[in-house]
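Chain residues, written in single-letter form:
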Amino acid sequence: MAQFNAFEEALDFFFWRELCEKHGTLRHFKRGEYFVHTGEVLKNAGWIVSGGFKHSLIDNSGNAKTVGFVFEGSVLANYISSMHGKKIPTDIIALEDSDVLVIPSSLIRERLMFDPTLYIKFLDALFEQAYDLVLNNYRSTPEQRYRQLLARYPRLFDLVSLGEIATYLNISRRQLHRIRETISTNTPDEEKSRE
């Protein structure tokens, strides 16, 4: 299965999974349970065995915004907090009942510091995804970004509300409803049933 986040396709995360399998503790998170709260230092990282999580924050106007997702077979962390001990800028919350192999962030940090080549590849992959996201917001219309999201992870629409999808796409709910209506009007019946 393709990863939700492009940086996880650009780098082999076998090292991360292996550390979690060897040293991790399997923890179960119920839907809505926090892995970490905004403002905390992320002391643990993980490998998602099953389920999924969202990264969310409160914007300057006091509105909740969903800014990222991670799913089964993915890393669960935040680079700046894990590697540099800074406070995490987002909450990480379970989207559904999820199982995660949890290890101290220090083990990931030590592994990356021990292998500078791996660390550079890791940073390159993160930077490339961040830059691509910025560029995609300029080059793609909201409808194109919605279609990309639908194509990349159709199951997302079963896990999160349309409001969260709208905030992730950085558009209003009204704009998202218009996009969905346009697609529904222009889509053959067999494709409508998948939405």
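These notes cover the structure that comes with them. (Residues numbered from 1 in each chain as written. Predicted model: local features only at pLDDT ≥ 70, side-chain atom pairs only at ≥ 80, totals over all residues. Heavy atoms only, no water.)

Points about the packing of aromatic side chains
To be explicit about the condition: Pairing of aromatic rings covers Phe, Tyr and Trp, the last through its six-membered ring, and needs centres within 6.5 Å; plane angles under 30 degrees mean stacked, over 60 mean edge-to-face, and all others mean tilted. Strands are runs of DSSP state E lasting at least 2 residues, helices are runs of H or I lasting at least 4, and numbering of each runs from the N terminus. The classification of residues rests on relative accessible area computed with a 1.4 Å probe and restricted to protein chains. Under 20% of the type maximum is buried, over 50% is exposed, and intermediate values are partly exposed.
For the structure on display, the rule yields 11 aromatic pairs. When the ring of F29 is compared with that of F53, the centres are 5.6 Å apart and the planes differ by 80 degrees; the resulting orientation is edge-to-face. Of the two residues, F29 sits in strand β1 (residues 25-29) while F53 sits in strand β4 (residues 52-58), which places them 24 residues apart along the sequence. Of the two residues examined, F29 and F53, each falls in the buried class. Between Y146 and F157, the ring centres sit 5.5 Å apart and the planes meet at 80 degrees, which makes this aromatic pair edge-to-face. Taken as a pair, Y146 in helix α6 (residues 142-152) and F157 in helix α7 (residues 156-159) lie far apart in primary sequence, 11 residues in all. In this pair, the class of Y146 matches that of F157, namely buried. Clustering of aromatic rings is evident, with ring pairs tying together F15, W16, Y79 and F122.

Section: the nonpolar core
Applied cut-off: As used in this record, nonpolar core signifies buried Ala, Val, Leu, Ile, Met, Phe, Trp, Tyr and Cys residues forming a set joined through side-chain atoms within 4.5 Å. Contacts: residue pairs with any heavy atoms within 4.5 Å of one another.
Counting residues in hydrophobic clusters, the biggest one holds 31 residues, and the most contacted among them are W16, F35, F53, L76 and L112. Those residues within four positions of F35 in sequence are excluded, and the remaining contacts are F29, L42, N44, A45, G46, F53, L76, I92 and V102. Ranked by size, the runner-up nonpolar core spans 18 residues in total, among them L95, Y153, V160 and I183.

Examining the packing of α6 against helix α9 (residues 173-186)
Cut-off, in case you're wondering: To get an axis, a line is fitted to the C-alpha atoms, and for a helix only the part in contact is used. The angle between two axes follows their N-to-C directions and goes from 0 to 180 degrees. For classification purposes, angles smaller than 35 degrees are called roughly parallel, those larger than 145 roughly antiparallel, those between 65 and 115 roughly perpendicular, and all remaining angles oblique.
The N-to-C vectors of α6 and α9 enclose an angle of 75 degrees; their axes lie 10 Å apart at closest approach. On the basis of the axis angle, α6 is roughly perpendicular to α9. Between α6 and α9, the contacting residues are P142, E143, Y146 and R147 on the first element and Q175, L176, I179, R180, T182 and I183 on the second.

Section: the pairing of strand β8 (residues 98-104)
Heads up, the rule is: Strand pairing is assigned whenever DSSP detects at least two bridges linking the two strands.
Across the 7 residues that make up β8, a large majority, 5, are buried. For β1 and β8, the ladder comprises 5 bridges, and the chain directions are antiparallel. Bridging across to β8, L26 finds its partner in L101. The pairing of strand β3 (residues 44-50) with β8 spans 6 bridges and is classified as antiparallel. The partner of G46 across the bridge, within β8, is V102.

Overview of the pairing of strand β7 (residues 91-94)
Neither face of β7 is open: one carries D91 and I93, the other I92 and A94, and all of them are buried. By the bridge criterion, 2 bridges tie strand β2 (residues 34-36) to β7 in an arrangement that is antiparallel. Bridged to Y34 within β7 is I93. Where β4 lies against β7, 4 bridges are found, and the strand directions are antiparallel. Looking at the pairing, S56 lines up with D91 of β7.

Some details on the side chain of T66
Along the chain, the position of T66 falls in strand β5 (residues 64-71). A relative accessible area of 3% places T66 in the buried class. T66 has contacts with K54, H55, S56, E164, T167 and Y168, leaving out every residue within four places of it along the chain.

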